[in-house]
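# Notes for the structure review
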Protein chains: 2
Amino acid sequence: MNRQTTQGGHADGTVGKALDVMDRVAAAGRPVRFAELLAGSDHPKATLYRLLQTLTSQGMLIYDEARQTYAPGLRLVRLAHAAWQQSSLAPIARPYLDALSERVGETIHLAQMDQGQVLYVDKRNARRPVDMFSEAGKIGPGYCTGVGKAMLAFLPPDDRARAVNMQSFFAHTPRTLTSPQALTEELAAIRAAGVSFDREEHEPGIICIAAPILSSTGRVLGALSITAATRRNTLDGLDQLRPALTETAEQIAAAAETWQFPD
Amino acid sequence: MNRQTTQGGHADGTVGKALDVMDRVAAAGRPVRFAELLAGSDHPKATLYRLLQTLTSQGMLIYDEARQTYAPGLRLVRLAHAAWQQSSLAPIARPYLDALSERVGETIHLAQMDQGQVLYVDKRNARRPVDMFSEAGKIGPGYCTGVGKAMLAFLPPDDRARAVNMQSFFAHTPRTLTSPQALTEELAAIRAAGVSFDREEHEPGIICIAAPILSSTGRVLGALSITAATRRNTLDGLDQLRPALTETAEQIAAAAETWQFPD
DNA sequence: GTCGGATGTTCCATATAATGAAACTGTATT
DNA sequence: AATACAGTTTCATTATATGGAACATCCGAC
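Residues numbered from 1 in each chain as written. Chains lettered and ligands numbered in written order. Predicted model: local features only at pLDDT ≥ 70, side-chain atom pairs only at ≥ 80, totals over all residues. Heavy atoms only, no water.

This next bit is on the sheet that holds strand 3 (residues 69-72) of chain A. Residues and elements named next belong to chain A. The antiparallel open sheet is built from 3 strands, whose spatial order is 1-3-2. Because the sheet does not close on itself, it has two edges, and the strands there are strand 1 (32-33) and strand 2 (61-64). In this structure, strand 2 lies alongside strand 3, joined through 4 bridges in antiparallel fashion. In the sheet register, L61 faces strand 3, and the bridge partner there is P72. (Pairing = 2+ DSSP bridges. Helix = DSSP H or I, 4+ residues; strand = E, 2+ residues; numbered from the N terminus.)

This part covers the packing of aromatic side chains. Residues and elements named next belong to chain B. Summed over all chains, the structure comprises 6 aromatic pairs over all chains. Ring geometry for Y63 and Y70: centres 4.6 Å apart, planes at 40°, overall tilted. Exposure remark for Y63: the relative accessible area of 33% places this residue in the partly exposed category. Here the aromatic rings of Y143 and F169 are separated by 5.2 Å at their centres, their planes lie at 50°, and the arrangement is tilted. Taken as a pair, Y143 in the loop between strand 6 (139-140) and helix 6 (146-153) and F169 in the loop between helix 7 (157-165) and helix 8 (180-193) lie far apart in primary sequence, 26 residues in all. Each member of the pair, Y143 as well as F169, carries the same accessibility label: buried. (Phe/Tyr/Trp six-rings, centres within 6.5 Å; stacked < 30°, edge-to-face > 60°. Buried < 20%, exposed > 50% of the residue type's maximum accessible area, 1.4 Å probe, protein only.)

Looking now at the protein's contact with DNA strand C. Looking at DNA strand C, there are 16 residues lining it, with K17(A), R50(A), A35(B), K45(B) and Y49(B) nearest. Here a phosphate oxygen of DNA strand C and a side-chain polar atom of K17(A) are 2.9 Å apart. Listing elements by their share of the surface near DNA strand C, those giving two or more residues are helix 1 (13-28) and helix 3 (45-57) of chain A together with helix 1 (13-28), helix 2 (34-40) and helix 3 (45-57) of chain B. When grouped by side-chain class, the residues that make up the surface near DNA strand C number 7 nonpolar, 5 polar and 4 charged. (Near = heavy atom within 4 Å. Polar contact = N/O pair within 3.5 Å; in protein donor to acceptor, adjacent residues only side chain to side chain. Nonpolar A, V, L, I, M, F, W, Y, C, P; charged D, E, K, R; others polar.)

This part takes up the packing of helix 1 of chain A against helix 1 of chain B. The contact between helix 1 of chain A and helix 1 of chain B brings their axes to 8 Å, and the two run at 80°. Judged by the inter-axis angle, helix 1 of chain A sits roughly perpendicular to helix 1 of chain B. In contact with T14(A), V15(A) and A18(A) of helix 1 of chain A, helix 1 of chain B contributes T14(B), V15(B) and A18(B). In terms of residue class, the contact of helix 1 of chain A with helix 1 of chain B is made up of 4 nonpolar, 2 polar and no charged. (Axes fitted to C-alpha atoms, helices over the stretch in contact; angles between N-to-C directions. Parallel < 35°, antiparallel > 145°, perpendicular 65-115°, else oblique. Contact = heavy atoms within 4.5 Å.)

In this structure, S41(A) sits in the loop between helix 2 (34-40) and helix 3. In terms of polar contacts, S41(A) uses its side chain to reach the backbone amide nitrogen of H43(A), at 2.9 Å.

Here we take up the interface of chain A and chain B. Taken together, the contact pairs 59 residues of chain A with 57 residues of chain B. Buried area between chain A and chain B, both sides added, is near 5000 Å², and the carbon and sulfur share of it is 58%. Broken down residue by residue, the surface that chain A buries against chain B is led by L74(A), R78(A) and Q86(A), which jointly contribute 14%. For the pair chain A and chain B, the interface holds 6 salt bridges. One salt bridge connects R78(B) with D23(A), and the closest N-O pair in it is separated by 3.9 Å. (Buried area = accessible area lost by both parts, 1.4 Å probe. Salt bridge = Lys/Arg side-chain N within 4 Å of Asp/Glu carboxyl O.)

Moving on, we come to the environment of E185(B). Checked against the element boundaries, E185(B) lands in helix 8. In sequence terms E185(B) and L245(B) are 60 residues apart; their C-alpha atoms lie 23 Å from each other.

What follows covers the pattern of salt bridges. Under the defined criterion, the tally for this structure stands at 30 salt bridges over all chains. Between E201(B) and K149(B) there is a salt bridge, and its shortest N-O distance comes to 2.8 Å. Of this pair, E201(B) sits in the loop between strand 7 (196-199) and strand 8 (206-214) while K149(B) sits in helix 6; the two residues are 52 residues apart in sequence, bridging distant segments of the chain. For E201(B), a relative accessible area of 3% translates into the label buried. Taken together, the shared-partner salt bridges in this structure form one network comprising D23(A), D114(A), R75(B) and R78(B).

As structure tokens, this is what we get:
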């Protein structure tokens, strides 16, 4: 039950409206009926209808005639592959994630920031290395995850303030930080420490240590985390892995740098 | 060097044009400059320019000011996650792929058809991983891959004819089928056999056996393949795995069926 | 430094495509 | 049969996209 700020922003032109519809269909997480979308939208019936038709004919949505429902289309998967490969840290970070995974044996996440939210772009499981965006593409909240806080902490002040205000502050657990003030204080502490911890703030029993990935100019590129269950590890235990974590984060930052400026 | 038919189809409305631009940016496989896109597009400068601006402001593209290049944006990854989870066979097939992987130990691909092309939606690596790049979201040709031929073979005749005509018939290897006639004959043989083989038609040294995943009504849902390197296995060797392959394909089909019609 | 040429950006009258109220069709429900 | 509801189509109106051309900016060459 995750009430993220459902934006609504400045939808420029027809394309913006169409993409807004895409978002809503995707956000539903299951096939949706026309009426459902109509209820949640401020477009008139006919307009929404034609948008859906266009998107369907474009392969961005799939329409199930039998059940009269819309779902995101596979064309997206194709496009996203290109995005993942070119515009995410994942391909660059891959070998370093592999090495870190080998070294610490715990679950690892690589994340980036997208519109105030955490977007996971790669992952290593505690055991078998299922590579790929089965899990990548998943989003999470910024204010109560290790990677989210690590990235927020190192944003430029104004961006940070804006991002903090976009958070929902839903109390996922008793430990979740539920106010902008509390979060802002925490972020200052994280800047001082260089790493962030998730102290069961998102899911009970799940803790993590995370470090930002920063460019040489100090810009936030992403974040890296090591996750564990409280029954298998402790915050102190994770803190032992801090050198491995920050070292890897720096390697990824360096690799990204070379990639950005080849000659 | 993969010259797929670059479609050009019926781009309805502004949304269609915008998505066409997205495709071109994604197809480039690297950040592209305005001029490059302009050259490959039949839109006038100003039109293309505004389309790019809209897409960028929507997060569908990322614009690198320094290099003046466009690349697919991370918003896509978010949307695609939803598509992958809801509209692909991958989540349903996951346990069966795991089991098959355990059983045969070779590289496995799960694919679906998208606009005449093969879209890979999941994968398991071989125990001794062959160096082969294919990940979810990747696309491949229909006429010279095991999964592609398996799906084409079982399409309804008219769809099949249309799909066959959309192929590029580029000769990736000496063994590639390079004419619609040759492919059509092969597809008939595959229908009779129930499985297809890739006899180094796409990459030298890489062979595979593939089976279609068919709904109870005979509709093509996707295809499943087992891949190997010629230095480690033979077509006959792969044929030994046919029961495991077809069995898994049937299990996935059955699972998809239940998923489609829960009550 | 100045010129030439290419690349990227803005303008604005026009044409086109999106809009949405309302009418219509089909399918459940009583 | 009557009613309600979800989905689809119509069409005059309006907003939006269009694209030719002018403008700006960058960069290498002379």
